[in-house]
Amino acid sequence: MKKTILALAAMMIISATAMAQNEDRRGRNGMDRTEIVKRRTEATVKKYDLNAEQAQKLLELNTKYQGQMWRGMGNRAGRNTNAGKERAVRRDTSMRKRTAPATGNNVRIRPDMKEMRENMRKYDEELKTIMTSEQYAKYQKDIEARRQAGRK
């Protein structure tokens, strides 16, 4: 009886470990990155009424920039593994009066943010060549609306 219970417990631990490792390749919703890129492309094609040629170019563009623009926002490859430690440090230092600008956390965040913004700028430039002027204007309007909603 003990051996059976131990064998079941070992199998449960092994299967839990295997499922946790599988999440590295898939997002939280169970899709791998290529599926996410395809769905994102399909949604954009539908929203801005792109033709087949534009859709193919957009798929290539989204594939090219996958994981580069939203690093740290759900992308495990770019996720900071020290986030919990940094939060603890921030909580600790936020209680004290600061006399000098904070270093440490900000040093790592700023270069990533610059890289992300540069990638977004390049993406937008290439997207502008794919879309018509009306489609791109609608896209820019939607982006600005999202930014305003995020600031509230």
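Just above sits the structure.
Everything quoted here is computed from the prediction, not taken from an experiment.

A. Summary view of helix α3 (residues 52–65). Taking 1.5 Å of rise per residue, 14 residues should cover 20 Å, and α3 covers 20 Å from first to last C-alpha, within 8% of that figure. Among the residues of α3, those classed as buried are Gln54, Ala55, Leu58, Leu61, Asn62 and Tyr65. Viewed end-on, α3 has its buried residues packed into an arc of 125 degrees, placing them on one side of the element. Projecting away from the buried face of α3 at angles above 90 degrees are the exposed residues Ala52 and Glu53. Where α3 terminates, the next one or two residues include glycine 67, which has phi positive at roughly 80 degrees.

B. Geometry of the pattern of salt bridges. The tally for this structure, following the rule as stated, stands at 6 salt bridges. Residues aspartate 142 and lysine 47 are paired through a salt bridge, measuring 3.6 Å at the closest nitrogen-oxygen approach. In this pair, aspartate 142 sits in helix α6 (residues 133–151) while lysine 47 sits in helix α2 (residues 33–48), placing the two residues 95 residues apart along the sequence. We classify aspartate 142 as buried; its relative accessible area is 19%.

C. Spotlight on α2. For α2, with 16 residues, the first-to-last C-alpha span of 22 Å sits near the 22 Å given by 1.5 Å per residue. Residues of α2 that are buried sit in contact with α3 and α6. Two residues or fewer past α2, aspartate 49 is found with a positive phi of approximately 55 degrees.

D. Geometry of the packing of aromatic side chains. Using the criterion set out here, one finds 3 aromatic pairs in the structure. Each ring, one from tyrosine 136 and one from tyrosine 139, has its centre 5.8 Å from the other, and the planes form 35 degrees; the classification is tilted. Here tyrosine 136 and its partner tyrosine 139 are both found in helix α6, 3 residues apart, which amounts to about one turn of the helix. For the pair tyrosine 136 and tyrosine 139, a shared accessibility class is recorded, and that class is buried.

E. Representation of the environment of arginine 117 within the structure. One can find arginine 117 in helix α5 (residues 105–130). Judged by relative accessible area, which is 55%, arginine 117 ranks as exposed. In this structure the C-alpha to C-alpha distance between arginine 117 and glutamine 68, which are 49 residues apart in sequence, comes to 9.8 Å.

F. Up close: unusual backbone geometry. Positive phi, normally seen in glycine, also occurs at aspartate 49, with a value near 55 degrees. Tracing the backbone shows aspartate 49 in the loop between α2 and α3.

G. Fine view of the packing of α2 against α3. As a packed pair, α2 and α3 sit with axes 9 Å apart at the nearest point and diverge in direction by 140 degrees. In terms of orientation, α2 and α3 fall into the oblique class. Regarding α2 and α3, the two cross each other, and that crossing is right-handed. Side by side, α2 and α3 meet where Val37, Lys38, Arg40, Thr41, Thr44 and Val45 of the first sit next to Ala55, Leu58, Leu59, Asn62 and Thr63 of the second. Residue classes in the contact of α2 with α3 are distributed as 5 nonpolar, 4 polar and 2 charged.

Conventions and cut-offs
The written sequence of each chain sets the order in which its residues are numbered from 1. At least 70 in pLDDT is required for a residue's local features to be given in this predicted model, at least 80 for side-chain atom pairs to be given and counted, and no such filter applies to totals for whole chains, interfaces and linings, which use all residues. As a rule here, side-chain values cover all heavy atoms of the structure and leave hydrogens and water aside. Starting at the N terminus, helices and strands are each numbered in turn, a helix being any DSSP run of H or I of at least four residues and a strand any DSSP run of E of at least two. An expected span of 1.5 Å times one less than the residue number is assigned to each helix. For every residue, the accessible area (1.4 Å probe, protein chains only) is compared with the maximum for its type, and the residue is labelled buried under 20%, exposed over 50%, or partly exposed between those bounds. Note: the arc covers the axis-to-C-beta directions of the helix. We define a salt bridge as a contact between a side-chain nitrogen of Lys or Arg and a carboxyl oxygen of Asp or Glu at a distance within 4 Å. The contact rule is simple, with two residues in contact once any of their heavy atoms fall within 4.5 Å. Only Phe, Tyr and Trp rings are paired, with Trp represented by its six-membered ring, and only when their centres lie within 6.5 Å; those with planes under 30 degrees apart are stacked, over 60 edge-to-face, the remainder tilted. In this analysis, axes come from line fits to C-alpha atoms, helices being fitted only over the stretch in contact, and the angle between any two N-to-C directions falls in the range 0 to 180 degrees. Note on angle classes: values under 35 degrees are labelled roughly parallel, values over 145 roughly antiparallel, values of 65 to 115 roughly perpendicular, and the remainder oblique. Crossing handedness: left-handed means the near helix sits turned counterclockwise from the far one by under a right angle, and right-handed means the same turn made clockwise. As a working rule, the residues Ala, Val, Leu, Ile, Met, Phe, Trp, Tyr, Cys and Pro are called nonpolar, Asp, Glu, Lys and Arg charged, and the rest polar, with Gly in that last group.

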